[in-house]
Amino acid sequence: QVQLVESGGGLVQAGGSLRLSCAASGNIFSINYMAWYRQAPGKQRELVARITSGGSTNYADSLKGRFTISRDNAKNTVYLQMNSLKPEDTAVYYCNAEVLIPKKYGYWGQGTQVTVSS
């Protein structure tokens, strides 16, 4: 199993920046990829960014250029750097990890609130 602990959420003014962290523990070597999702009130949960064990990344088209996903293997941690934040970025942000061993399964963090004021 994998445990995910998120940090870094909070309140920021429009145009500002914020960095979210997600620390993984447990069977970390079984992780295929890690990702960030977000869900705003009344909206569906959407993929923000994904990074694979090989280091390749994917982003939501609307967010590419403002958000960057990265990882620190020594700390077993992935980050989401968010720049030029807008009020519409306000949402609960969730960390997700997919494993393939012993079988394909997804783990979720508890979620962290990001609020962007105008």
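A few points on the structure. All of these numbers come straight from a predicted model, not from anything done at the bench. (Residues numbered from 1 in each chain as written. Predicted model: local features only at pLDDT ≥ 70, side-chain atom pairs only at ≥ 80, totals over all residues. Heavy atoms only, no water.)

### Describing the packing of aromatic side chains
Here is the rule we go by: A pair of Phe, Tyr and Trp rings is counted when the ring centres sit within 6.5 Å of each other, with Trp represented by its six-membered ring. The angle between the planes then sorts it: under 30 degrees is stacked, over 60 is edge-to-face, the rest tilted. Note on geometry: a ring has a charge over it if NZ (lysine) or CZ (arginine) is within 6 Å of the ring centre and within 35 degrees of the ring normal.
For the coordinates displayed, the defined rule picks out 3 aromatic pairs. Between Tyr105 and Tyr107, the ring centres sit 4.8 Å apart and the planes meet at 70 degrees, which makes this aromatic pair edge-to-face. An aromatic cluster of at least three residues, connected via ring pairs, comprises Tyr37, Tyr94 and Trp108. In this structure, Arg45 is placed above the aromatic ring of Tyr94, and the distance from its NZ or CZ to the ring centre is 3.8 Å. Over the face of the ring belonging to Tyr33 we find Arg50, whose NZ or CZ atom lies 4.6 Å from the ring centre.

### Concerning the environment of Gly42
Stated formally: To qualify as a helix, a DSSP run of H or I must reach at least 4 residues; to qualify as a strand, a run of E must reach at least 2; elements of each kind are numbered from the N terminus.
Relative to the assigned elements, Gly42 resides in the loop between β4 (31–39) and β5 (46–52). Gly42 sits 73 residues away from Thr115 along the chain, and the two C-alpha atoms are 15 Å apart.

### Considering the layout of surface pockets
Under the convention used in this document: A cavity here means a set of points on a 1 Å grid, drawn over the protein atoms and nothing else, where a 1.4 Å probe fits but cannot get out; a pocket is an open set with protein on both sides within 12 Å along at least five of seven lines, and a residue lines either one if it has an atom within 4 Å of a point. Grid points are joined across faces, edges and corners, and a volume is the space filled by probe spheres set on the points. In the scheme used here, Gly and all other residues not listed as nonpolar or charged are polar, with Ala, Val, Leu, Ile, Met, Phe, Trp, Tyr, Cys and Pro taken as nonpolar and Asp, Glu, Lys and Arg as charged.
As a volume, the largest pocket reaches approximately 340 Å³. Together, 16 residues line the largest pocket, and Ile28, Ile31, Arg71, Asn73 and Asn76 are the ones closest to its centre. Going through the elements one at a time, β4, β5, β7 (67–72) and β8 (77–82) are the ones with two or more residues in the lining of the largest pocket. By residue number, the principal contributor to the lining of the largest pocket is β4, which donates 4 residues. The residue makeup of the lining of the largest pocket, split by class, is 8 nonpolar, 6 polar and 2 charged.

### So, the sheet that holds strand β1 (residues 2–7)
Selection criterion: We treat two strands as partners when DSSP finds at least two bridges between them. Every axis in this analysis is a line fitted to C-alpha atoms, fitted for helices over the stretch in contact. Angles between the N-to-C directions lie between 0 and 180 degrees.
Spatial ordering of the open sheet is given by β1-β3-β8-β7, a layout of 4 strands whose pairing is antiparallel. The sheet is open, and its two borders are formed by β1 and β7, each paired with just one other strand. Put simply, the sheet's adjacent strands are angled 20 degrees from each other on average, direction ignored. For strand β3 (residues 18–26) and β8, the ladder comprises 6 bridges, and the chain directions are antiparallel. Its bridge partner being in β8, Arg19 is matched across the sheet by Gln81.

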